[in-house]
Amino acid sequence: MRQTVSFCDDWLFHQGDIQVEVPLLKTALYLEAKAERRRCGPAARGYLDSPNAYNDQGLITHETWNTVTLPHDYIITQEPKPDNNDTLGFFHYENAWYRKHFSLDAALEGKKIRLYFEGAGVHATVYVNGCYLYTNRCGYNSFEVDISDVVTFDQENVVAVFIDASSEHEGWWYEGAGIYRPVWLEICDAVSVDRYGVYVHPEKQANGAWYVPVDTTLRNDSKSVVNAEVETRLISPDGAVIASATATQEIPAYDHATLKQGFSVEAPALWDVDSPVLYTTETKVLLDGEPVDQQKNRFGFRTIRYDASEGFFLNDRHVIIKGVCCHQDYGLTGKAVPERVQRYRLTLLKEMGANGYRTSHYPQHAYSMDCMDELGFLVMDETRWFETTPEGLAQLEMLIKRDRNHPSVVLWSVGNEEPLHITDAGRRITERMTAEVHRWDRTRPVTTAVSHSPSIAKAMEAVEVIGVNYNIESFDGLHEKYPDKPFVSTENCATGTTRGWYRADCPSRGFIYGYDRDTNKSFLSRERTWKYFMERPWVAGGYQWAGIEHRGETVWPRLCSQSGALDLFLQKKDAFYQNQSLWTEKPMLHLMPHWNWNGFEGEEILVRAYTNCDRVELFLNGVSQGVRQIERYGHADWQVAYQPGRLTAKGWKNGALVCEEAVETTGAPVALRLTLNTPGTKADGKDVAVLTCDCVDSEGRHVPTASPMVHFNANGLGQVTGTGSSVCDHNPVTCPDRRMYAGLVAVLVRAGTTAGKLKVYAEAEGLRSAMVEIILA
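Quick caveat, the model's predicted, so the values are computed rather than measured.

(A) Just the sheet that holds strand 44 (residues 770–776), in detail. One open sheet holds the four strands; their spatial order is 41-39-43-44, and the pairing between them is antiparallel. Two strands bound the open sheet, and with one partner strand each, they are strand 41 (737–739) and strand 44. Within this sheet the neighbouring strands show an average axis-to-axis angle of 20°, counted without direction. As paired strands, strand 43 (residues 756–763) and strand 44 are joined by seven bridges and run antiparallel to one another. From the neighbouring strand, G756 faces strand 44, where its bridge partner is L776.

(B) Local environment of unusual backbone geometry. Across the junction of S360 and H361, the peptide omega takes the value -5°, indicating a cis bond. Cis peptide bonds are those with omega within 30 degrees of zero, and the linkage from M592 to P593 qualifies with 5°. Relative to the helices and strands, P593 is located in the loop between strand 30 (589–592) and strand 31 (604–611). Its identity as a non-glycine residue notwithstanding, N129 has a phi of 50°, on the positive side. One can find N129 in the loop between strand 6 (123–128) and strand 7 (131–136). If you check the backbone angles, E417 has positive phi at about 50° while not being a glycine. Considering the arrangement of structural elements, one finds E417 in the loop between strand 25 (409–416) and helix 5 (424–440).

(C) Region of the structure containing the layout of surface pockets. Empty space within the second largest pocket amounts to approximately 1,300 Å³. Taken together, 50 residues make up the lining of the second largest pocket; nearest its centre are Y502, H594, H702, P704 and A742. Going through the elements one at a time, helix 2 (339–352), helix 8 (574–583), strand 30, strand 36 (656–664), strand 37 (671–676) and strand 38 (688–696) are the ones with two or more residues in the lining of the second largest pocket. Each residue belonging to the lining of the second largest pocket can be placed in one class, and the counts come to 26 nonpolar, 13 polar and 11 charged.

(D) A look at the packing of aromatic side chains. Scanning the entire structure with this criterion turns up 38 aromatic pairs. Consider the rings of F475 and F487, whose centres lie 4.7 Å apart with planes at 55°: the pair is tilted. Here F475 is found in helix 6 (residues 475–481), whereas its partner F487 is found in strand 28 (residues 487–493), with 12 residues between them in sequence. For the pair F475 and Y532, a centre-to-centre distance of 5.8 Å together with 70° between the ring planes defines the contact as edge-to-face. Remark: Y532 occurs in helix 7 (residues 526–534) and F475 occurs in helix 6; sequence separation between them is 57 residues. Exposure remark for F475: the relative accessible area of 0% places this residue in the buried category. Among the aromatic residues, ring-to-ring pairing joins F475, F487, W530, Y532, F533, W538 and W583 into one connected group.

(E) Just the pattern of salt bridges, in detail. Scanning the entire structure with this criterion turns up 58 salt bridges. Ionic pairing is found between R39 and E36, a salt bridge with its closest N-O pair at 3.7 Å. Overall, the relative accessible area of 28% leaves E36 in the partly exposed class. When salt bridges with common partners are traced through the structure, they connect R2, R114, E144, E186, D194, R195, R219, D221 and D293 into a single cluster.

(F) Expanded view of empty space enclosed by the protein. A complete count under the given rule lists four cavities of 30 Å³ or more for this structure. A volume near 60 Å³ is recorded for the largest cavity. In terms of lining, the largest cavity is formed by G323, N492, C493, R526, T529, W530, F533, G542, Y543, Q544 and W583. Within the residue set of the lining of the largest cavity, elements represented by two or more residues are strand 28, helix 7 and strand 29 (539–545). Here the lining of the largest cavity takes four residues from helix 7, the largest share from any one element. Looking at the lining of the largest cavity residue by residue, the classes come out as five nonpolar, five polar and one charged.

(G) Layout of the side chain of T87. Mapped onto the elements, T87 comes out in the loop between strand 3 (66–68) and strand 4 (96–102). Judged by relative accessible area, which is 17%, T87 ranks as buried. Looking at T87, its side chain comes within polar contact range of the main-chain oxygen of W172, at 2.5 Å. The residues touching T87, leaving out its near neighbours within four places in the chain, are W172, W173, Y174, G552 and E553.

(H) View of the nonpolar core. By size, the foremost hydrophobic cluster in this structure holds 113 residues, and its most contacted members are Y98, V161, I163, I179 and L349. The element that contributes the greatest number of residues to this core is helix 2, accounting for six residues. The residues contacting V161, other than those within four sequence positions of it, are W11, A96, W97, Y98, F117, A124, T125, V126 and I179. One finds L672, F712, V745 and A770 within the second-largest nonpolar core, a separate group that totals 27 residues.

(I) Representation of the environment of E473. Its place among the elements puts E473 in the loop between strand 27 (466–469) and helix 6. E473 sits in the exposed class, given a relative accessible area of 59%. Taking the C-alpha atoms as reference points, E473 and K521, separated by 48 residues in sequence, lie 9.5 Å from one another.

(J) Here's a closer look at the side chain of R444. As for its position among the elements, R444 is in the loop between helix 5 and strand 26 (446–449). Residue R444 is classed as buried on the basis of its relative accessible area, which comes to 4%. A polar contact is formed between the side chain of R444 and the backbone oxygen of R404, at a distance of 2.9 Å. Beyond its immediate sequence surroundings of up to four residues, R444 is in contact with R302, I304, D403, R404, N405, H406, V409, V410, W412, H438 and E464.

Parameters and conventions
Residues numbered from 1 in each chain as written. Predicted model: local features only at pLDDT ≥ 70, side-chain atom pairs only at ≥ 80, totals over all residues. Heavy atoms only, no water. Pairing = 2+ DSSP bridges. Helix = DSSP H or I, 4+ residues; strand = E, 2+ residues; numbered from the N terminus. Axes fitted to C-alpha atoms, helices over the stretch in contact; angles between N-to-C directions. 1 Å grid on protein atoms, 1.4 Å probe; cavity = no way out; pocket = protein on both sides within 12 Å on 5 of 7 lines; lining within 4 Å. Points joined across faces, edges and corners; volume = space filled by probe spheres on them. Nonpolar A, V, L, I, M, F, W, Y, C, P; charged D, E, K, R; others polar. Phe/Tyr/Trp six-rings, centres within 6.5 Å; stacked < 30°, edge-to-face > 60°. Buried < 20%, exposed > 50% of the residue type's maximum accessible area, 1.4 Å probe, protein only. Salt bridge = Lys/Arg side-chain N within 4 Å of Asp/Glu carboxyl O. Polar contact = N/O pair within 3.5 Å; in protein donor to acceptor, adjacent residues only side chain to side chain. Contact = heavy atoms within 4.5 Å. Core = buried A, V, L, I, M, F, W, Y, C linked by side-chain atoms within 4.5 Å.

These figures come from the coordinates and say nothing about function on their own.
Here you go:
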């Protein structure tokens with residue numbers, strides 16, 4: 001039976017190239033022209049990689065090898081420098097080596113042994129026991145390495161991975177580098193389910209019942225033809241078996257075969273954005289009556305339909321896609337994002353009112369895809385390379401096969417902002433990639449995100465759903481040109497704002513005015529963009545740039561793009577609440593800015609309310625500042641002469657008072673406060689907790705302008721691994737001391753392996769310290 005074991009612990013890591021001289025004599029070249037290609041250097045089996053001063057034989061090395069745990073991004077620990085590339089985050093990208101020693105029990109001889117890398121980049125080359133096995137040239141796709149033929153069972157094995165992060169880059173954003181997603185050791189029998197081998201694609205029948213085809217691709221890694229028996233069961237959310245079937249499939253030697261089964265299901269619970277119900281298939285493979293493999297895959301019952309006149313339908317219900325585009329990195333860990341952080345950021349986006357997510361611009365973490373199934377997102381799933389090379393098509397195949405069982409995926413994207421989109425070459429590439437998508441999945445349409453002259457782009461002839469980045473002035477003309485094609489805004493807005501900055505743009509500080517506005521003719525305000533979509537029922541909705549700030553695409557001294565509704569460290573910006581006002585119906589009201597403007601008495605300050613109410617009245621110290629009638633998707637503004645006190649807004653809807661919001665002038669900060677954002681941390685040495693530190697005044701009120709230097713520590717049950725506040729703070733994120741900006745600091749704590757009370761402390765000169773307890777199970 002299949003065994004899948006985490007392969008993330010006890011890796012040895014060396015940052016930087018290791019020079020290996022070309023030998024002058026024949027013998028070395030002769031030996032390295034064989035299967036065991038590396039007899040010297042860091043890919044060689046016996047290479048000295050001890051993290052100590054010397055190894056058991058007393059040999060020493062002048063290289064630095066450290067023990068690390070995966071996932072691991074070795075770029076993020078640096079201090080950014082202005083002489084490094086701006087769009088890559090102002091970091092220096094260099095190559096690195098990873099090595100791991102491991103042993104295999106002799107009882108496993110004859111089994112198929114594979115390594116599964118969920119993601120390593122920028123480019124990764126894998127050796128085992130000196131034998132070259134694989135080079136992966138995309139830092140975003142997952143890949144398998146079969147090591148069965150070269151491992152030994154009577155002595156230690158060594159896997160070596162070379163990371164090339166300097167010779168070529170794949171994007172115009174922070175790329176990070178390293179083995180930044182999990183690695184798994186898989187041990188299987190010679191006959192097993194193939195990688196991504198179970199494909200479940202439910203079909204709703206005319207009578208309302210469902211037919212569930214299940215295609216199971218088996219692999220036979222033996223030298224004999226075999227007849228495999230496959231048992232498939234469909235399991236409901238409560239664990240009940242609702243259908244089952246058994247069939248036999250012949251598989252040629254060293255080959256694959258696909259077995260097709262089908263099931264009828266009456267009245268299943270549907271997967272929806274508001275009630276994301278998931279079912280499971282359980283697949284068991286048997287040879288001569290004995291089980292040799294078993295796995296589970298989740299799926300959902302739902303229908304999707306894009307209409308050229310009326311937009312998008314989920315389960316025959318009209319749904320507007322209220323989506324965001326997101327890169328996968330996190331401000332405190334780079335590309336190596338802990339699972340708890342992945343779920344937390346998606347939960348925040350859902351709270352904001354988003355129901356859509358675009359994986360811009362590459363396959364993202366498998367765990368995030370699972371979370372989006374569970375939380376109810378409508379995913380536009382995108383491949384990295386717009387090309388029809390064998391390598392590019394293989395990467396596309398990996399994306400489709402890995403993600404096609406996810407009910408959250410409703411649209412495939414084969415490209416983003418390609419200059420070739422406007423040419424016949426772009427049309428041909430789109431046609432070929434669309435055909436490749438439908439080779440592996442015919443249940444979802446294909447788009448490509450066009451930004452270059454979309455009105456004349458030849459790629460539009462080949463897509464099944466028109467996808468346009470920005471360029472909203474082209475929408476009407478494109479709809480007239482392609483009246484039978486559905487339409488979605490694949491990227492929009494890109495309106496930059498800095499959390500907590502309410503003055504004019506200040507390039508020298510790196511801060512951008514915090515109010516929604518048109519940045520230029522392409523990057524339009526959130527309000528203007530959403531109103532435009534809502535006036536056109538044939539627009540299925542859109543994916544806003546961006547849900548979360550990401551490193552790179554910036555100018556010094558700022559370290560990240562400012563278009564996110566959540567900042568680089570997952571703090572809510574005013575744009576978060578504006579999106580709530582656009583995308584949710586539960587009455588809400590958000591006031592900006594804060595009301596701590598000491599020294600500005602009598603100066604007029606722009607006060608804005610983001611709300612989904614139809615009328616708002618503003619009061620300063622009980623005195624009305626006026627009533628504003630608000631059109632749907634609009635906002636309210638007042639110019640208010642500053643005086644200390646309490647600013648209160650009351651919101652009405654259909655004549656009824658439904659919500660109230662206030663900001664007030666606070667006193668000076670007197671104490672720190674720590675808040676745990678992600679309860680449930682486990683004592684497994686890998687799980688994390690996200691916390692927020694702020695300051696309060698003598699009345700316990702949050703002080704939005706506080707800026708102390710805060711020092712963070714933890715007891716022996718965990719470790720502070722990251723802190724962040726200002727997007728212009730150039731101290732490495734691994735530093736446990738952080739200057740607070742705009743009243744908030746984000747803190748990341750990694751748990752140890754001992755259950756108990758993990759205590760986190762925050763201290764600052766002149767302020768009362770704070771402590772929070774995290775119960776580790």
